[in-house]
Amino acid sequence: AEAVLGRAGSLAVDGLLAFTQVGFCCVYVVFLAEQVAYWLPPSIPWQAVVLGWYPVLVLLSWIRTLQVLSYVSLLATIVTSFSLLVIYGAAFAFMAENIFDAPDTSSTGAVETPFDFDSDGDLDTVGDWTWGVRWTTLSISFGIAVYSYEAIGIVLPIETSYQHPNRYEKVLVACLGASTVNYVLFGSVCYLAWGIAVEGDILENLGEFAEGRGLWEILMVTVQLFLVFCIAGSYPLQLFVFTDILEHWLLSTGRLGETHLYAKQNAIRALIVAATCLVAVAVPSFSLLMAIIGSLGSASLQFIFPALFMLLIAWSTLPWPSRLLYSFYILLGSAGGAFGFVQAMVEVVGLYFDAVATPGEM
């Protein structure tokens with residue numbers, strides 16, 4: 001970045017990396033608090049639930065090596081795979097119930113389907129099952145989709161600590177390919193199952209489906225526990241990039257001094273964790289916070305800056321289709337990020353207005 005855009009470019013990229021990594025941690029805090037709040041009485045305020053996670057996350061933030069976190073990451077992959085299978089199973093079971101057990105409610109004697117329209121052109125429903133598009137929040141999906149590739153910020157740190165760097169590219173491509181297939185398949189199946197009623201946190205849909213069904217309730221609790229473990233274990237991994245950048249800057253400028261460095265670093269990490277908890281208190285929505293982070297930070301790091309660097313470095317040697325493609329990436333990242341951020345903020349403001357109208361909701 002510095003070689004192409006100078007010091008300003010380097011600061012911009014580092015700043016966006018720091019913003020996105022801390023933002024991911026903020027989203028993690030919201031998720032963890034939501035899972036605990038699910039089992040607590042509604043009278044317990046959201047702020048207290050978030051505060052309960054603070055000491056746990058502080059201790060996790062004091063982990064300093066990726067080697068330690070790699071074991072947690074491996075276990076997290078295993079339990080996440082199990083959780084995905086449970087959610088897939090619930091989605092297919094829910095679809096089967098709504099398709100094959102749907103009541104005969106139409107005047108012609110035919111069973112309605114999600115594609116049936118009423119006289120006003122609106123989609124009819126089969127039970128709680130409706131397909132359609134919420135156009136008012138469509139732009140938010142861009143930020144959420146871009147956010148889903150949250151590991152973009154730790155690609156280089158992992159490569160530098162890789163025992164065989166020459167093999168890293170193949171591993172990276174394979175992981176990104178598998179993740180993309182999983183994202184598309186998972187999103188499609190959940191949408192086919194719950195339609196526009198699908199929640200930002202799919203565990204809410206799973207909980208509603210599992211209620212009153214013995215085995216499914218056990219699986220629901222198991223999935224919650226597994227995912228809480230995964231997210232809590234991944235928190236320090238996402239924080240690693242930001243703490244690495246910040247501590248390197250503080251050490252290089254001599255701002256930390258030369259004594260009690262370990263204690264000072266721990267104190268800094270505790271303050272960073274406190275900041276992520278404050279953001280989680282301010283924006284208590286899993287999906288909206290993802291959209292904000294994705295629209296502002298991830299879109300720039302994944303679309304705008306890489307394409308801009310390629311155009312600036314190799315403009316004279318690039319064929320015109322490549323120039324158009326990279327230009328399209330910049331336009332997509334800029335427009336999608338801007339619209340996604342604005343719409344997400346509108347929804348956040350709406351949450352506060354709703355909270356004022358119905359005290360106790362936030």
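Residues numbered from 1 in each chain as written. Predicted model: local features only at pLDDT ≥ 70, side-chain atom pairs only at ≥ 80, totals over all residues. Heavy atoms only, no water.

Novice: Teacher, can you tell me more about the overall build of the protein here?
Specialist: Check the secondary structure of the protein and you find eleven helices and zero strands. Taken from the N to the C terminus, the helices and strands of the protein come in the order α-α-α-α-α-α-α-α-α-α-α. Considering only intrachain contacts with a sequence separation of at least 6, the fraction spanning at least 24 residues in the protein is 74%. (Helix = DSSP H or I, 4+ residues; strand = E, 2+ residues; numbered from the N terminus. Contact = heavy atoms within 4.5 Å.)

Novice: Mind showing me how you'd approach the nonpolar core here?
Specialist: Side chains of nonpolar character tend, in soluble globular proteins, to be buried together. Membership of the largest hydrophobic core comes to 64 residues, with the highest contact counts inside it found for W194, L203 and Y235. It is helix α1 (residues 2-37) that contributes the most residues to this core, twelve residues altogether. With seven residues, the next largest nonpolar core counts A307, L311, Y326 and I330 among its residues. (Core = buried A, V, L, I, M, F, W, Y, C linked by side-chain atoms within 4.5 Å. Buried < 20%, exposed > 50% of the residue type's maximum accessible area, 1.4 Å probe, protein only.)

Novice: Could you clarify how one ought to interpret the pattern of salt bridges in this entry?
Specialist: Close approach of charged atoms allows side chains of opposite charge to pair. A full pass over the atoms with the stated rule returns one salt bridge. R213 is the partner of E97 in a salt bridge, and the nearest nitrogen-oxygen pair spans 2.6 Å. Placement of E97 in helix α3 (residues 66-100) and of R213 in the loop between α7 (202-210) and α8 (214-252) is noted, with a sequence separation of 116 residues between them. When its relative accessible area of 30% is taken as the criterion, E97 is described as partly exposed. (Salt bridge = Lys/Arg side-chain N within 4 Å of Asp/Glu carboxyl O.)

Novice: Please clarify how the packing of aromatic side chains should be interpreted in this entry.
Specialist: Summed over all chains, the structure comprises 13 aromatic pairs. Both rings, one in F24 and one in Y147, keep their centres 4.9 Å apart while their planes meet at 80 degrees; by these two values the pair is edge-to-face. Placement of F24 in helix α1 and of Y147 in helix α4 (residues 138-147) is noted, with a sequence separation of 123 residues between them. For the pair F24 and Y147, one class covers both residues: buried. Ring centres 5.5 Å apart and planes at 25 degrees place the aromatic pair F94 and W194 in the stacked group. Of this pair, F94 sits in helix α3 while W194 sits in helix α6 (residues 168-194); the two residues are 100 residues apart in sequence, bridging distant segments of the chain. Judged by its relative accessible area of 4%, W194 is buried. The rings of F142, F303, Y326, F328 and Y329 are connected pair by pair, giving a single aromatic cluster. Above the face of the F209 ring, R213 is positioned so that its terminal group lies 4.2 Å from the ring centre. (Phe/Tyr/Trp six-rings, centres within 6.5 Å; stacked < 30°, edge-to-face > 60°. Lys NZ or Arg CZ within 6 Å of the ring centre and 35° of its normal.)

Novice: Help me out: how do you make sense of the packing of α4 against helix α10 (residues 286-314) in this one?
Specialist: A pair of packed helices can be characterised by two numbers: the angle between their axes and the separation between those axes. The geometry of α4 relative to α10 is characterised by a closest axis approach of 7 Å and an angle of 65 degrees between their N-to-C directions. One way to sum up the angle between α4 and α10 is to call them roughly perpendicular. When the axes of α4 and α10 are compared, the crossing they make is left-handed. Every residue of α10 that contacts α4 at I140, F142, G143, I144, V146 and Y147 is listed here: S287, L288, M290, A291, I293, G294, S295, S298, A299, Q302 and F303. (Axes fitted to C-alpha atoms, helices over the stretch in contact; angles between N-to-C directions. Parallel < 35°, antiparallel > 145°, perpendicular 65-115°, else oblique. Left-handed = near helix turned anticlockwise from the far one by under 90°.)

Novice: Could you clarify how one ought to interpret α8 in this entry?
Specialist: Along an α-helix, a turn takes 3.6 residues, which lines up residues three or four apart on a common side. Look at α8: 58 Å from first C-alpha to last across 39 residues, which is about the 57 Å you get at 1.5 Å a residue. At F240, α8 is bent by approximately 40 degrees, the largest bend along its length. In the stretch just after α8, G254 is the one whose phi turns positive, near 75 degrees. (Expected span 1.5 Å × (residues − 1). Bend = angle between axes of the 7 residues up to and from the residue.)

Novice: How should I be thinking about helix α2 (residues 46-61) in this particular structure?
Specialist: Given a rise of 1.5 Å per residue, 16 residues ought to cover 22 Å, and the 22 Å separating the end C-alpha atoms of α2 matches this to within 8%. Helix geometry: α2 is bent most strongly at Y54, by close to 30 degrees, with proline P55 lying one to four residues after it. Considered for burial, the residues of α2 that qualify are W46, V49, V50, W53, L57, V58 and S61.

Novice: When you look at the confidence of the model for the protein in this model, what are you seeing that I'm missing?
Specialist: Segments scoring low in pLDDT should not have their predicted coordinates read at a detailed level. Taken over all residues, the pLDDT of the protein has a mean of 81, while the share at 70 or more is 82%. Taken together, the stretch residues 104-129 has pLDDT below 50 and engages in 44 contacts with residues farther than four places along the chain or on a different chain. (pLDDT = per-residue confidence, 0-100.)

Novice: So what exactly am I meant to see when it comes to a nonpolar patch on the surface here?
Specialist: Judged by side-chain polarity, Y38, W39, V221 and L225 come together as a nonpolar surface patch covering roughly 430 Å² of accessible area. Along the polypeptide, W39 turns up in the loop between α1 and α2. (Patch = residues over 30% accessible without salt bridge, like charges linked within 9 Å, V, L, I, M, F, W, Y side chains within 5 Å. Areas by Shrake-Rupley, 256 points an atom, 1.4 Å probe, with all protein chains shown as cover.)

Novice: Explanation requested: a negative patch on the surface in the structure shown.
Specialist: A contiguous patch of negative charge on the surface is contributed by E199, E204, E208, E211 and E217. Topologically, E208 is positioned in helix α7. Taking the relative accessible area as the measure of exposure, E208 reaches 54% and is therefore exposed. (Lys, Arg positive; Asp, Glu negative; His and termini not counted. Charge placed at Lys NZ, Arg CZ, Asp CG, Glu CD.)

Novice: I'm lost on the packing of α6 against α7 in this one. Help?
Specialist: Interaxial distance between α6 and α7 falls to 12 Å at its minimum, and their mutual angle equals 45 degrees. Classed by the angle they form, the pair α6 and α7 counts as oblique. Viewed along their axes, α6 and α7 form a crossing whose handedness is left-handed. Listed contacts from α7 to F186, C190 and W194 of α6 are I202, N205 and F209. A per-class count over the contact of α6 with α7 returns five nonpolar, one polar and no charged. (Nonpolar A, V, L, I, M, F, W, Y, C, P; charged D, E, K, R; others polar.)

Novice: Please clarify how the side chain of E34 should be interpreted in this entry.
Specialist: Along the chain, E34 turns up in helix α1. Leaving out residues up to four positions away in the same chain, E34 has contacts with W46, D201, P284 and F286.

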